[in-house]
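Each chain, letter by letter, is given below.
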Amino acid sequence: LIIPRDDLPGSERTLAKHLETCGADVRVMPAPGYARMMRDPQQTIVPDATLEEMVDWLLQAAHTSTGPPPGDEPAPTVLVASVRARARSVTERPVQFGVEGRLFGIVTEPFDATVSSERPGIILLNVGANHRVGPNRMYVSIARDLAAHDFLSLRFDVAGLGDSKIAPGAQENRLYSKDSVADVQAAMTLLGETHGVRRFVLVGLCSGAYLAFHTCVEDPRVVGQVLLNPQTFEWKEGDSLELSIRHSFNSTGFYARSLLNPTVWRRALRGEVKLGAIARVLRERLVARTLAGIQSIAARARSESEPLTDVARAFRAMSARGVESLLIFSFDDGGLDMMEKHLGTKGRKMRGRDNFRLAIIEGADHTFTPIGPQQAVRALIVRDVNAHFSRGV
């Protein structure tokens, strides 16, 4: 009995004594780390020493057991599970890859068909510090839906998140780091080596969208990106991780509509609405929008092209390269204001480019928790991937 806590409560002592009276071999080890492990995902600290103690104890128990000695039969190197998706069987198997096998993911592919190497592989990227299943387990469903349409996908954890280890001395839970681009490239290389895939579509929500965008900028193997509720495309070391939780603030349009809602005012009077924080965010957005408007008017007055941010130029360069971009936002998500800052209202600065699409999902929160919007997003992604990549090159 290993207690991953900094103390040993009376209930655990009672349990240990009871097990001993039943003839069990009990080892009680109060171990530190439980409290830090149970923080919000982006703040957790994995108690590696405690986990190693657990593994050592289990190995000792295995060696002293009366059963057949371990290692007589080779253990399977791959575990395969068949599941059902859209009346098609698909398979899922775990993979370890990257430097010293630090990265971990799940490959999903059709069970009864060979994936064409001419089709792109789909890679799904972590949302915040959550692991590879995605928000509300949505990545699992998307991967299986895609496999049912004969697409290969990999949902994996970048280093320091989920089941992927960090390099010695590196920092866990880094949500906005261009260093993680190398992990995505390692994932693409893996699928290239195992399945002959040469092109890739990246899917990411929030911080995953940030990583997808920057990988697409850097690596020509990326031919498509699906960006769900991105909160920023610009981040540098030292910036506040408020960017990773910016979804706590809704879009400017949402607050404008809320001014006419008596319920909102009653909640504000009861102190249930963060008026100060909301005012600060809206002020920042108003200043940014006003400056962009002034620059646009000035440019037109000088008969010049509308000024572009570095992000807008990157989107145009990717479009010219032939990259298919699908941006999906919840109707009230604060990321809409960020997108409009770079690409204009309804993405007007990308107007006329058929490989840039913008979709708004009604009734959804930041992570698409309600079943209806979640199903709508899944269907939209599968439909878009099929429409643009089902024929290969």
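Residues numbered from 1 in each chain as written. Predicted model: local features only at pLDDT ≥ 70, side-chain atom pairs only at ≥ 80, totals over all residues. Heavy atoms only, no water.

1. Quick notes on the side chain of Asp 183
Phase 1 of the analysis: Locating Asp 183 in the fold gives a position in helix H5 (residues 181-195).
Phase 2 of the analysis: Despite its burial, Asp 183 pairs with no opposite charge; the closest candidate is Arg 102, at 7.8 Å N-O.
Phase 3 of the analysis: Look past the residues within four positions of Asp 183 in its chain and what remains in contact with it is Phe 97, Leu 103, Phe 156, Val 158 and Ala 159. (Helix = DSSP H or I, 4+ residues; strand = E, 2+ residues; numbered from the N terminus. Buried < 20%, exposed > 50% of the residue type's maximum accessible area, 1.4 Å probe, protein only. Lys, Arg positive; Asp, Glu negative; His and termini not counted. Salt bridge = Lys/Arg side-chain N within 4 Å of Asp/Glu carboxyl O. Contact = heavy atoms within 4.5 Å.)

2. Considerations on the nonpolar core
Phase 1 of the analysis: Phe 156, Leu 228, Phe 315 and Ile 328 are the most contacted members of the largest nonpolar core, which has 76 residues in total.
Phase 2 of the analysis: Sequence-distant contacts of Phe 315, defined by excluding residues within four places in its chain, comprise Phe 213, Gln 225, Leu 227, Phe 233, Ser 325, Leu 327, Leu 343, Met 350 and Phe 356. (Core = buried A, V, L, I, M, F, W, Y, C linked by side-chain atoms within 4.5 Å.)

3. Side note on the confidence of the model for the chain
Phase 1 of the analysis: Summarising the model, the chain shows a mean pLDDT of 80, and 68% of its residues fall at 70 or more.
Phase 2 of the analysis: When the criterion is pLDDT under 50, residues 4-8 qualifies, and its contacts beyond four places in sequence or with other chains add up to 16 contacts.
Phase 3 of the analysis: Contacts for the low-pLDDT stretch residues 243-247, under 50 throughout, to residues beyond four places or in other chains number 13 contacts. (pLDDT = per-residue confidence, 0-100.)

4. Observations concerning the packing of aromatic side chains
Phase 1 of the analysis: Taken as a whole and assessed by the stated rule, the structure comprises seven aromatic pairs.
Phase 2 of the analysis: Ring centres 5.0 Å apart and planes at 75° place the aromatic pair Tyr 176 and Tyr 210 in the edge-to-face group. Highlighted residues: Tyr 176 in the loop between strand S7 (153-157) and H5 and Tyr 210 in helix H6 (residues 207-218), separated in sequence by 34 residues.
Phase 3 of the analysis: In this structure Tyr 176 comes out as buried when scored by relative accessible area, which is 1%.
Phase 4 of the analysis: Look at Phe 315 and Phe 356: their rings are 5.9 Å apart centre to centre, the planes differ by 85°, and that puts the pair in the edge-to-face class. Here Phe 315 is found in helix H10 (residues 310-321), whereas its partner Phe 356 is found in strand S11 (residues 356-361), with 41 residues between them in sequence. Each member of the pair, Phe 315 as well as Phe 356, carries the same accessibility label: buried. (Phe/Tyr/Trp six-rings, centres within 6.5 Å; stacked < 30°, edge-to-face > 60°.)

5. Some thoughts on the pairing of strand S5 (residues 103-110)
Phase 1 of the analysis: With respect to burial, S5 is a largely interior element, eight of its eight residues being buried.
Phase 2 of the analysis: Here strand S4 (residues 88-97) pairs with S5 via eight bridges, running antiparallel. Residue pairing across strands places Phe 97 opposite Leu 103, the latter belonging to S5.
Phase 3 of the analysis: Of the pairings in the sheet, the one linking S5 to S7 comprises five bridges and is antiparallel in character. Bridge pairing in S7 places Val 107 opposite Leu 154. (Pairing = 2+ DSSP bridges.)

6. Observations regarding the side chain of Ser 177
Phase 1 of the analysis: If you trace the backbone, Ser 177 turns up in the loop between S7 and H5.
Phase 2 of the analysis: Within polar-contact distance, the side chain of Ser 177 engages the backbone nitrogen of Asp 179 at 3.2 Å.
Phase 3 of the analysis: In contact with Ser 177, not counting residues within four places along its chain, are Tyr 210 and Leu 211. (Polar contact = N/O pair within 3.5 Å; in protein donor to acceptor, adjacent residues only side chain to side chain.)

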